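Spelled out from the first residue to the last, the chains are:
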Amino acid sequence: MTVLVAHPQQAPVVRAVADALPLAAICNPWRTRFGDLPVPVHSDLRSLLAEHEPEAVIVLRPYSGLESDLVLCEERQIRVLCAGPVALPPSPLRQWGGQSRHTPVITQALAQSRQPAFGQPVYLRRVAGGGGALLQSWWSACQLLDEAQALLGAPPIWVQLAAVRAAAKHHLVLTAAFANGANAHLVVSPYYFSPSTDLTLLGSGGLLFADTATNTPVAVHAGGSRFYQPASLYPEPAWIGAFLTGQDPPVTPSDAALHHRLFAAIRQALRCGLPVPVLP
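Just so we're clear, the structure is a prediction, and the values are computed from it rather than from any experiment.

Asker: What's the story with the packing of helix 5 (residues 134–152) against helix 7 (residues 253–272) in this structure? I'm lost.
Answerer: Helix packing for two helices is described by the angle between their axes and how far apart those axes are. Between helix 5 and helix 7, the least distance of the axes is 10 Å, while the angle of their chain directions is 130 degrees. One way to sum up the angle between helix 5 and helix 7 is to call them oblique. The crossing of helix 5 and helix 7 is right-handed. For the pair formed by helix 5 and helix 7, the contact residues are L134, L135, W138, A141, C142, L145, D146 and Q149 on the first element and D255, L258, H259, H260, L262, F263, I266, R267 and L270 on the second. The residue inventory of the contact of helix 5 with helix 7, partitioned by class, reads 11 nonpolar, 3 polar and 3 charged.

Asker: When you look at the pairing of strand 1 (residues 2–5) in this model, what are you seeing that I'm missing?
Answerer: In regular strands, side chains alternate between the two faces of the sheet. Burial along strand 1 is two-sided: the residues T2 and L4 and V3 and V5 are all buried. Pairing of strand 1 with strand 2 (residues 23–27), which is carried by 4 bridges, proceeds in the parallel orientation. Of the residues in strand 2, the one forming a bridge with V3 is A25. Each parallel crossover has a hand, and for strand 1 linked through helix 1 (residues 11–20) to strand 2 it is right-handed. In the sheet, strand 1 pairs with strand 4 (residues 56–59) via 4 bridges, with the strands oriented parallel. Bridged to L4 within strand 4 is I58.

Asker: How do you make sense of helix 7 when you look at a structure like this?
Answerer: Along an α-helix, residues three or four positions apart point the same way, because every turn accommodates 3.6 residues. Between the first and last C-alpha of helix 7 there are 29 Å, a value that for 20 residues agrees with the 28 Å anticipated at 1.5 Å per step. Each element contacted by the buried residues of helix 7 is listed here: strand 6 (94–96), helix 5, strand 8 (156–166), strand 9 (169–178) and strand 15 (276–279). A positive backbone phi angle near 75 degrees is found at G273, which sits one or two residues after helix 7.

Asker: Just to check I follow, could you spell out the sheet that holds strand 8 for this structure?
Answerer: Pairing between the strands of a sheet comes from backbone hydrogen bonds, and it takes one of two forms, parallel or antiparallel. Spatially, 12-11-7-10-9-8-15 is the arrangement adopted by the 7 strands of the open sheet, whose pairing is mixed. Strand pairing shows two members of the sheet lacking a second neighbour, strand 12 (207–210) and strand 15, which therefore form its edges. For this sheet the average axis-to-axis angle between neighbouring strands, irrespective of direction, equals 10 degrees. Strand direction decides the pairing type here: strand 7 (residues 121–128) and strand 10 (residues 183–188), joined by 6 bridges, are parallel. Across the sheet, Y123 pairs through a bridge with N183, a residue of strand 10. Here helix 5 sits on the sheet in contact with strand 7, strand 8, strand 9, strand 10 and strand 11 (199–203), set at roughly 155 degrees to strand 10. Sheet contacts for helix 7: strand 8, strand 9 and strand 15; angle to strand 15, the most-contacted strand, approximately 180 degrees.

Asker: When you look at the sheet that holds strand 4 in this model, what are you seeing that I'm missing?
Answerer: Read from one edge to the other, the open sheet built from 6 strands follows the order 3-2-1-4-5-6, with strand pairing classed as parallel. The open sheet is flanked by strand 3 (41–42) and strand 6, the only strands paired with a single partner. Where strand 5 (residues 79–82) and strand 6 come together, 3 bridges link them in parallel fashion. Within strand 6, the position partnered with V80 by the bridge is R94.

Asker: Hey, could you run me through the packing of aromatic side chains in this one?
Answerer: In this description, a pair of aromatic rings is defined by centroid distance and the angle of the planes. The final tally for this structure, using the stated rule, is 3 aromatic pairs. A ring pair is formed by Y192 and F193, whose centres lie 5.4 Å apart and whose planes are at 80 degrees; its orientation type is edge-to-face. The class of Y192 is partly exposed, set by a relative accessible area of 31%. F193 sits in the partly exposed class, given a relative accessible area of 24%.

Asker: It is not clear to me how the layout of surface pockets should be interpreted in this structure. Could you clarify?
Answerer: A volume near 1400 Å³ is recorded for the largest pocket. In terms of lining, the largest pocket is formed by 45 residues, of which the most central are Q9, Q10, R61, G130 and S194. Every element with two or more residues in the lining of the largest pocket is listed here: helix 1, strand 7, helix 5, strand 14 (224–227) and helix 6 (236–244). Split by residue class, the lining of the largest pocket holds 23 nonpolar, 16 polar and 6 charged. Of the volumes computed, that of the second largest pocket is approximately 290 Å³.

What counts, and where the lines are drawn
- Residues numbered from 1 in each chain as written.
- Predicted model: local features only at pLDDT ≥ 70, side-chain atom pairs only at ≥ 80, totals over all residues.
- Heavy atoms only, no water.
- Axes fitted to C-alpha atoms, helices over the stretch in contact; angles between N-to-C directions.
- Helix = DSSP H or I, 4+ residues; strand = E, 2+ residues; numbered from the N terminus.
- Parallel < 35°, antiparallel > 145°, perpendicular 65-115°, else oblique.
- Left-handed = near helix turned anticlockwise from the far one by under 90°.
- Contact = heavy atoms within 4.5 Å.
- Nonpolar A, V, L, I, M, F, W, Y, C, P; charged D, E, K, R; others polar.
- Buried < 20%, exposed > 50% of the residue type's maximum accessible area, 1.4 Å probe, protein only.
- Pairing = 2+ DSSP bridges.
- Right-handed = clockwise from strand over helix to strand, strands pointing away.
- Expected span 1.5 Å × (residues − 1).
- Phe/Tyr/Trp six-rings, centres within 6.5 Å; stacked < 30°, edge-to-face > 60°.
- 1 Å grid on protein atoms, 1.4 Å probe; cavity = no way out; pocket = protein on both sides within 12 Å on 5 of 7 lines; lining within 4 Å.
- Points joined across faces, edges and corners; volume = space filled by probe spheres on them.

Note that every value here comes from positions in space, so none of it alone points to a role or purpose.
As structure tokens, then:
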């Protein structure tokens, strides 16, 4: 059995995971409440672990007490998978990232881009949400940068970042150049479709694109309309399953270093109000 640390805004993700994997409980360290869920919800991880003995803890969003909770898990020899990086020394019990290997829009674009007619990757544009609190925005930016490396097939050699904060929400824009000559424009917005299917990938011989609005089912009713993302688009069930069975490799030291440089760059860009370099 596993435990999820998730925000109530991630209720659709939680339900998708609960339908695919055995869950013991949910930890919700935020003040807002979940709706009806098939498992019990606890307000802090320590009290949750007093009642449950999970195989692993999966953290879907960062929060202020995350690092102390990770130390608690390590003391109890519980494996942890986080959706983004943490500022703690490496541990064999702790892993982060890797969602791009299981994100349908990314895996489908990768498969299409390997066709001979597509040619070599030239340019990537990707937009996603997650620009809430600072740590959440950082995790979203790291995930977009990981996706870009996967889609463009090369490591970044130059990255510049611009950041704007308004009403405790963040907009981030990354412009990156990669070792194979490809370029990327990556945007983190406070509010966006989740999961995002907004992607444009240009090759030397063709163009791949996915548009969020036209690919999302819409329910129209007397009160207006609402977009519904199919559960099959969420990468979390497959991502967590791969972690539990040891199929996903841990983050590389070079990627970990880049993730932490990105956090420092976000803070610098917010202070100075100008784009700042992340790499070189």
